Amino acid sequence: MCRKIVISLAALCGFMAFAAAQDLTVSGTVTDPEGYPLDGATIIVKGTTTGVSVNSDGRYEIKVPKDAVLIASYLGYLPQEKPVAGEHTVNFILSEDTAYLDDVIVVAYGAMSKQDFTGSASQVSGDALAQSSRESVDKGMIGKMSGVRIASDNGDPGSAGNVQIRGVGSISAGTSPLYVIDGVVMSTSTASDLQVGYKSMGVLNSINPEDIESMTVLKDAAAASLYGSRAANGVIIITTKRGKQGRTTVSYNGEAGVTSMADKKALRMMSGPQFIQYLKDAGDNAYAINPAYSYGFTGDEIAAMTADPSGKTSTDWTDQIFRQALTHNHQISLTAGGEKTKVYAGLGYDKTDGIVLGSYFERYSGRVNVDHQVSDWLKVGIRQMVSFTGTKGHSDQSSQAQGMGYATPLGVLTQSDPTALPKNPDGSWNEYVSWSGQTGNPHLVFDSDTEYNKTHMMRSLSSLDLDMKFTDYLSLTNTFGYDYIDNKQYLWWAPSSIDGASMNGLSASYIFQTSDLTNSTVLRYSDSFGAHAVSGIAGFEVADHRTGYTYASANNFPNDKLNALSVGQVDGVGGASYRSFMMSLLGNVNYDYDNRYYASASFRRDGSSRLGPDSRWANFWSVSAAWRLSREEFMENVSDLFHDLKIKASYGTNGNLPSEYYAYQGLYSASAGYGTASGIFWSNPENSHLGWEKSRNFNVGFDWNLYNRVDIGVEYYNKYTSSLIFNMPASAVTGFSSYTSNVGNLLNDGVEVEVSSQNISRRNFTWSTDFNFTWQRSVVKNLPNDGADIIYGDGGMYIHREGESMYSFYLPEWKGVDQETGLGEFWVDPLDHSQGVTNYYSQAGSAIVGKALPDFTGGMTNTMTFLDGLLDLSFLISYQFGGSLFDYPGYFTHSDGFRAASMNAAADAADYWTPQNRSAKYPKPIMNNPYRWDRFSSRLIRSTDNIRMREITVGCNIPVKKYLESVRVYFRATNPFMIWSAVPDIDPDVAINGYRTVDVPVTKSFVLGINLTL
Amino acid sequence: MLACLIMAAACEALDQAPSTSVTTDTAITSVEDLANAVNGAYYVATYGTMLTVASEMSIYADLVGPDSYQPASSGQNASRLAGFSMTANDTYNAYYYLYAAIASVNSALEKAALLEDQEAAAPYVAELYAMRGLFHFHLATYFAPIPTSGSENQLGLVLADKVFDIDYIGKRASLQDTYDFIIGDFTKAVETGLNKSRNTGHLNYWAALALRARANLYAGNYAAALNDAEEVLEASPYKLYTVDNYTKVWSQEGADEMIMEYLQTDTYNAQRYAPGYYTSPRGYSEYGVSPEFYAWMQSTPDDIRSQMVADCTVAPGGDPDYNTGYYPLKYPGNAGASVPAYVNNIKVIRLSEMLMIAAEAALAQGQDAAPYVNTLRRNRITGYADVSSVTLDDILDERRKEFFAEGQIAFDLWRNRRTVVNGSLSTGPRDYRTVLPLPKEEIDLSKGLLEQNPGYGN
């Protein structure tokens, strides 16, 4: 009712203004090519702001001058112009804009035309993501966007990847971006909210990549500031598939293939004969210094303790632990739409076996998206996703600080005796293959159900959109979202297992639950006056995040057969809950003049329960502007070369919150006890001044389209993060090892280039190239305590130093092997080599010997089609330069004999010094090596420079139009080979901080797939 | 209007409280809370992880002692301690958990002073002082030399006598001041005199007195040490173990002569870092005793203590997971523990030690030490005949027999300026390795204010 009054008023005003010129009533329909009405399309009189909306029947009526020209437009369709020429009926048939995705960009709290967008964002289609990874959307982003880095060295299916947008946004608070799915902020729960860290787990795996229509990464303040306090690390907006009006399609996508270790060199150990020789040398060298080092044994005596000292047996345990694993994936989806209702429904199943024996990832997922036009003014969208994700795997080093889990793939690999055979002569598995005596046969450890870690995650993501249109200019959207995750984790260490033996078995069951309730109400306004167009939003949002867990464990099991908790004796129970709450006000204004000059501003005010009453509210804002030069008259002569050219700049602030829920409160923990009595202890120092981490972001760049064929986007950004939330080290004497405070500044800046080119576009052959390049640096600008260095990480291996990169390695510098003595040498002072060398690790000083973050990263995708689209080929190459990794496994596998009593060594460690091999790469091995050359030093810092073939897809679109809409068969190889790498004996893929763990190395896979569309 | 209501409701929701903690200002408002705070400080000191007083550090003085032997080396902390290979990178836990416990003690002391019922609070306040003394004492034995060792290193501890601001950086007090502080805290505990009854797992009057005797002995205050030991021997409710019960007491809680022990339970224990797992042939097996020690103990079969070392030199059924060797039997598991190797109360001080302290202090002052030694031996050796005089060597040997595997032996030798000789390894009383390096984290943070022990770089 209200709406009608407003419309009538508006119509009246319009009538008054144009009464003099209007002398003809024109009516007609606007439909798509198949005749379906395009409800909500607009008809505008060219050169004026006069216009009407098309009703749900697709009809319109408007009074115009006889010589007027009408323009019909509809989002996702190409606009069409028709002169009235005195006719009373003008019908439009709009064709779909195939470049729709390119032209409309999903942004914070809405969508807008890409040309009007003044911020910085990259968008990738859901198909492109799903093509790269059916498992997880983050892994699908590798190499596809500038400024976005996905890093993981874990090939375990279901493990987490790190996503980093425009550098490292924080030192101690979170660095992962905010995910928004269909307008609802997804649970900010991290893996630590949802599991105990026996092994890496990615929460994002619960989203099926095949349900995704597009993904947009918001990078600068103009794009992301509307998310205020959670936008400092960038925002990733996921839009799921929608039903389309008119066409009903049912499609099936299926694929199957094999996965294996991408590069076996990543984990190659010494052969049997090599190991025997190594033991002899390590033992003798130790015996010569002090027989105690070799437990009083000579080298020969030690070598005789191997399973087969003859040197005739050599087992490659890498092949026993890792395998070729199967993977298959199926998805059935339905897209349909009538006049008022549009539906998308999808059901998917994915099963990926891990390359380590006995491990897998499995997901069942379903999604239904319904959009319904209830009436002229009310539209309802309901979206529901449910997924069940199961994983089974083994402990890894993800929670390990200096040390190695015995029952981890890496632990078993390094401690297996290469002279032992996997099987006994009778065909049973040989139990005694461990050189240290602490591990077991990998088949028995990993493939026998005696020791594993399982997760069952259920996630339900519901959202409701209510769109109320008051007038053509004013509408209100209410979005309600509820994201519920329930993860059950089971741990079983059977009585006979490595880890379970001491407790006579351990079974533990954890239930983690998180829920995120979000409600946002946004009022939208959009109007134009002549060449002036104004739009804006104002809104209010609340977000309620709850998480908690319950666990119970039992030990003393009768045998390996049963692991239900009730079978054992009670061991422990626990449980706790956490909650955070946030409320926000937000708004923005966008203005453009003649699609030529653009200006935008946004504002958000957030209050969070994670901060104290005096500092919990903060404001975040941005301003931005753009100028489309190609619309200027002086550019008309070069309008081909500059088909479109826009320069843009933005500036604004974003924030970041502490990861802890209650960091500002002085606390006594009650989760303690002594004997059977309860206890409380001082667990957190008060810190009521704790505040937001704030970043100031500047972005400048241009978007240039040449000849309507090549798009070039170049941007420079500068992100200065101040009042960093810092886990300041505290003296143990205070009772605390660290405390949270706002100190220090961090600078991230970089240049991003994206080029998208239609190289050849003929009927028989098309070739397009997408290329992206990022130069990036993250520099620590200011540190607390007058800029004192902060040393952190495992054994103090990293340093924060002013002017140096984030994740700088701070370690002694390895000089090499003394060719005369065979001893290893470190520089006493890495910065002053005149101080000479030392053989003792303990006497070597430390310096910055590398950094984890690469300088240059990027990727290139080439896509070709042949024979009118019958065949297609695409391949993605990624590259990175300027970074290093820390080879943690190398610390164990290159111990120069130190660990010879318990571990085998890497194959390349066989090149050690002997009097006959003086130019060897490694020093002479000494059992229990007193010099400790193996300890963390620059020796373990390896370059990650590489160019890698990430993906090759070959497809064939079989022409079967008669029965099916389309049939496509394809073959895809993921990580098939390395094109070039600086350090060939290691896989250069590593986590953001450069700490290589590789229990499950990076994998490669080859799959065959089919897409059928009815 | 609606928006205002939502805003008001939501604003309240911005105050969230944790489910497992209470705010500092509401934590201790009653004597009951104070009792819980006492327990909490023990919980922190004995936190279930590596290198605390409930894990490897409880047998530190044995691992570096003359009879230490590693039947297996799986590269864990016990063999690293035994091999003197601990660097400043490795000692954080040994330092941190005790100071964290002390911080809780100091915080509780502050809040105890505000309680109304001071009379009811007094025994807890006394216990808190004793705890502060004991935790400092532990730290002093790990990170500072024993005053009577003759070490040139005269650096003591950073003394945590109150609640500090979070950015506090302390300087090390002198060795003398450190021991004065420790003895002073025990004295504060003793002077209230309110908690004289047995209280298993807690520091009562007698425990404070017994520990003061030990601290005085370490500091060379022999007269004071003798006085305190005498008082405990004469007036405390504890009784010496006997030949009859000696082999059975190790699994008991609150056994006859146990003055102070740290409680360990199925819920709260150090798991594989516990001494029981290190002394198990199926565990880490990094703390056994040497064959020579075993033979020496067996040479006096009438001494019940000869039964406290096990000959595990033959693996049952040839089991290759069984680490053969000789092991102490003092960690059999608390009675009823679900995992015996994990759950053993940590012996801090018991009545026998009062005899040994008295003997050592008496001898140092030229008095007759034999009666103390005779008393102990009469309760250990079947058919024992008293001796008329004893030497320091006799006392030290007696200690080796009585207290091995209880975290004392190397300290006994260094305290008396003896060299610890273990096979080819010998560590003199002034050797830099008699103390552990302060954690690198602390040294780095202090920017030069905190001095590292000599021999460990800067």
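Scoring rules and cut-offs
Residues numbered from 1 in each chain as written. Chains lettered and ligands numbered in written order. Predicted model: local features only at pLDDT ≥ 70, side-chain atom pairs only at ≥ 80, totals over all residues. Helix = DSSP H or I, 4+ residues; strand = E, 2+ residues; numbered from the N terminus. Rg over C-alpha atoms; globule rule 2.2 N^0.38 Å. Buried ≥ 20, exposed ≤ 12 C-beta atoms within 10 Å, placed from the backbone. Contact = placed C-beta atoms within 7 Å. Nonpolar A, V, L, I, M, F, W, Y, C, P; charged D, E, K, R; others polar. Pairing = 2+ DSSP bridges.

Section: the overall build of chain B
Here's step 1: Secondary structure assignment for chain B yields 17 helices and 9 strands.
Here's step 2: In terms of overall size, chain B behaves like a compact globule, its C-alpha atoms giving a radius of gyration of 23 Å where 458 residues would be expected to give roughly 23 Å.
Here's step 3: With respect to the principal axes defined by its C-alpha atoms, chain B has extents near 95 × 50 × 45 Å.
Here's step 4: Out of the 458 residues belonging to chain B, those deemed buried represent 58%.

Concerning the interface of chain A and chain B
As a measure of interface size, the accessible area lost when the parts come together is often cited.
Here's step 1: Each partner contributes to the interface: chain A provides 64 residues, whereas chain B provides 66 residues.
Here's step 2: The set of elements that each furnish at least two residues to the side of chain A that touches chain B consists of strand 25 (532-555), strand 26 (569-593), strand 30 (667-674) and strand 31 (677-684) of chain A.
Here's step 3: Class assignment of the residues belonging to the side of chain A that touches chain B gives a composition of 29 nonpolar, 31 polar and 4 charged.
Here's step 4: Bridge count between strand 30 of chain A and strand 1 (residues 21-23) of chain B: 3 bridges; the pairing is antiparallel.

Some remarks on the pairing of strand 27 (residues 597-608) of chain A
Residue and element names in this part refer to chain A.
Here's step 1: Sheet topology places strand 26 next to strand 27; 12 bridges connect them, and they run antiparallel. Paired with methionine 582 across the strands is serine 608, a residue of strand 27.
Here's step 2: Linking strand 26 to strand 27, which pair antiparallel, is a turn of 3 residues; within it aspartate 594 sits at a positive phi near 60°.

Topic: unusual backbone geometry
All names here are of chain A.
Here's step 1: One non-glycine residue, arginine 166, lies in the positive phi region at around 50°.
Here's step 2: Among the secondary structure elements, arginine 166 is positioned in the loop between strand 12 (162-165) and strand 13 (178-181).
Here's step 3: Since 31 C-beta atoms lie within 10 Å of it, arginine 166 is described here as buried.
Here's step 4: In this model, asparagine 708 sits at a positive phi of 55°, which is unusual for a non-glycine residue.
Here's step 5: With respect to the element layout, asparagine 708 can be found in the loop between strand 32 (693-706) and strand 33 (710-722).

A look at the environment of Asp281(A)
Residue and element names in this part refer to chain A.
Here's step 1: Along the chain, aspartate 281 turns up in helix 6 (residues 272-289).
Here's step 2: As for aspartate 281 and aspartate 786, which are separated by 505 residues in sequence, their C-alpha atoms are 50 Å apart.
Here's step 3: Residues in contact with aspartate 281, not counting those within four places in the same chain, are Gly299, Thr914, Lys924 and Pro925.

So, the pairing of strand 20 (residues 360-373) of chain A
All names here are of chain A.
Here's step 1: As judged from the 13 bridges shared by strand 19 (residues 341-353) and strand 20, these two strands associate in the antiparallel manner. Residue pairing across strands places threonine 341 opposite histidine 372, the latter belonging to strand 20.
Here's step 2: Here strand 19 folds back onto strand 20 in antiparallel fashion, the turn holding 6 residues, of which glycine 358 has a positive phi close to 75°.
Here's step 3: Examined bridge by bridge, strand 20 and strand 21 (residues 378-393) share 14 bridges and lie antiparallel to one another. Bridging across to strand 21, glutamate 362 finds its partner in glycine 390.
Here's step 4: Connecting strand 20 to the next strand, strand 21, in antiparallel fashion are 4 residues.

Observations concerning the sheet that holds strand 51 (residues 995-996) of chain A
All names here are of chain A.
Here's step 1: Strand order in the open sheet formed by 3 strands is 48-47-51, with mixed pairing between adjacent strands. Strands with a single pairing partner mark the edges of an open sheet, and in this sheet they are strand 48 (941-943) and strand 51.
Here's step 2: As defined by bridge partners, strand 47 (residues 884-887) adjoins strand 51 across 2 bridges and the pair is classed as parallel. Counterpart to phenylalanine 886 in the pairing with strand 51 is tyrosine 995.

Points about the environment of Val125(B)
Residues and elements named next belong to chain B.
Here's step 1: Structurally, the position occupied by valine 125 is in helix 7 (residues 118-143).
Here's step 2: Judged by C-beta crowding, with 21 C-beta atoms within 10 Å, valine 125 ranks as buried.
Here's step 3: As a C-alpha pair, valine 125 and leucine 109 span 16 residues in sequence and 6.5 Å in three-dimensional space.
Here's step 4: Not counting chain neighbours up to four residues away, the residues in contact with valine 125 comprise Leu109, Ala112 and Thr192.

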